[in-house]
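Summary of structural features
These are the residues of each chain, in order.
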Amino acid sequence: MNSAQADAYLRRIGAHHPAWPTSGVLRDLHLRHLKAVPFENLSIHLGEEIVLEEKRLLDKVVGGRRGGFCYELNGAFGALLGALGFDVTLLAGRAYGEEGRLGIPYDHLALRVRTVDGGDWLADVGFGAHSHYPLAFGARTEQVDPGGTFRVLEAGPDAAGVRGVGGRREAEDLDVIRDGNPQYRLEVRPRVLGDFAAGAWWHSTSPKSHFTRSLVCSRVTEDGGRITLSGRNLTATAPDGTKEVSELATDEEVLALYRERFGIELDRVPEVRKG
């Protein structure tokens, strides 16, 4: 990412070019990203190809003023942070599903970010409703955030009895917990963006993926709440967790809401893909 692309990305999220890649700057960029760039899976249902290459991600998130899901959002954000001087490592995760089952390998992409002032952080702008700020990577105590109370803990063995890699403590998998509920299991081995291509393909095509079976477009609001459009159902969540749900009646209302609340210009209403 060159300086012009980085500046365009910063304008996209309403930020200025920082002087130093510090923990405070990371916190600010993380929250700005969550407010400006929606978590959405519309490309899957609009027949748009998802390509995990830096230029294509920037074309979509910055040039096209769209959002994406974890591979796209954290992939693009990680590229921006790297261009700004942060030390960024891509990590693979597996989301917890029904009955505590873990998802496929490369189910999720998150970021480990180190800062010049000694910070070591788990940054994640691509998991939907999650922490508003980066989580301290090495802390094992509760971390209170506007998005909930989080913990990052060493994980136990998975269903196959495997505990991390090679039994080394520094290589053990981590569980990310929100309000007492496990969200995803994270490997600490560094990855590259291309490693996630199979996971992105599966989530974009498999009838077993929740992304192919539903529509979602969601972002953090200015007051710290959240607004989510799932098909025609609009959910406005206040900072205290209170929810207000309504249904949009017409295509015009849906397109206007995408445009006015998410900044997304569409020429047709996305519909869940059949088959």
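Just above, that's the structure.
Remember, it's a predicted structure, so these values are computed and weren't measured experimentally.

1. With respect to the pattern of salt bridges
Tallied over the entire structure, the rule returns 14 salt bridges. A salt bridge links Arg185 to Asp175; the shortest N-O distance between them is 3.0 Å. With Arg185 in strand β9 (residues 181-186) and Asp175 in strand β8 (residues 174-178), this residue pair connects regions lying 10 residues apart in the sequence. With relative accessibility at 11%, the residue Asp175 sits in the buried group. Of the charged contacts in the structure, one is a salt bridge between Glu260 and Arg259, with a shortest N-O distance of 3.9 Å. Taking the relative accessible area as the measure of exposure, Glu260 reaches 59% and is therefore exposed. Assessed through its relative accessible area of 36%, Arg259 is described here as partly exposed. Shared partners join several salt bridges into a network, and the residues in it are Glu40, Glu48 and Arg66.

2. Structural notes on the packing of helix α1 (residues 3-12) against helix α4 (residues 54-63)
Taken N-terminus to C-terminus, the directions of α1 and α4 make an angle of 35°; their axes are 10 Å apart at the nearest point. Two packed elements cross with a definite hand, and for α1 against α4 that hand is left-handed. When α1 is examined against α4, the residues Gln5, Ala8, Tyr9 and Arg12 are found in contact with a partner set consisting of Leu58, Val61 and Val62. Of the residues in the contact of α1 with α4, the class split is 5 nonpolar, 1 polar and 1 charged.

3. Thoughts on the side chain of Ser218
By the element assignment, Ser218 lies in strand β10 (residues 217-220). Note on Ser218: relative accessible area 6%, which makes it buried. One polar contact links Ser218 to Arg226, side chain to side chain, over a distance of 2.7 Å. Among the polar contacts made by the side chain of Ser218, one reaches the side chain of Thr228 at a distance of 2.8 Å. Those residues in contact with Ser218 that lie beyond four places of it in its chain are Pro38, Phe39, Arg226, Ile227, Thr228 and Phe262.

4. A closer look at the packing of aromatic side chains
Within this structure, the stated rule accounts for 7 aromatic pairs. A ring pair is formed by Phe39 and Phe211, whose centres lie 6.2 Å apart and whose planes are at 50°; its orientation type is tilted. Here the residue Phe39 occupies a position in strand β1 (residues 39-40), and Phe211 occupies one in helix α7 (residues 210-213), the gap between them amounting to 172 residues. By the burial criterion, Phe39 is buried, and Phe211 matches it. Centre to centre, the rings of Phe127 and Tyr184 are 4.9 Å apart; their planes meet at 65°, and the pair counts as edge-to-face. Here the residue Phe127 occupies a position in the loop between β4 (120-123) and β5 (135-136), and Tyr184 occupies one in strand β9, the gap between them amounting to 57 residues.

Reading guide: rules and limits
- Residues numbered from 1 in each chain as written.
- Predicted model: local features only at pLDDT ≥ 70, side-chain atom pairs only at ≥ 80, totals over all residues.
- Heavy atoms only, no water.
- Salt bridge = Lys/Arg side-chain N within 4 Å of Asp/Glu carboxyl O.
- Helix = DSSP H or I, 4+ residues; strand = E, 2+ residues; numbered from the N terminus.
- Buried < 20%, exposed > 50% of the residue type's maximum accessible area, 1.4 Å probe, protein only.
- Axes fitted to C-alpha atoms, helices over the stretch in contact; angles between N-to-C directions.
- Left-handed = near helix turned anticlockwise from the far one by under 90°.
- Contact = heavy atoms within 4.5 Å.
- Nonpolar A, V, L, I, M, F, W, Y, C, P; charged D, E, K, R; others polar.
- Polar contact = N/O pair within 3.5 Å; in protein donor to acceptor, adjacent residues only side chain to side chain.
- Phe/Tyr/Trp six-rings, centres within 6.5 Å; stacked < 30°, edge-to-face > 60°.

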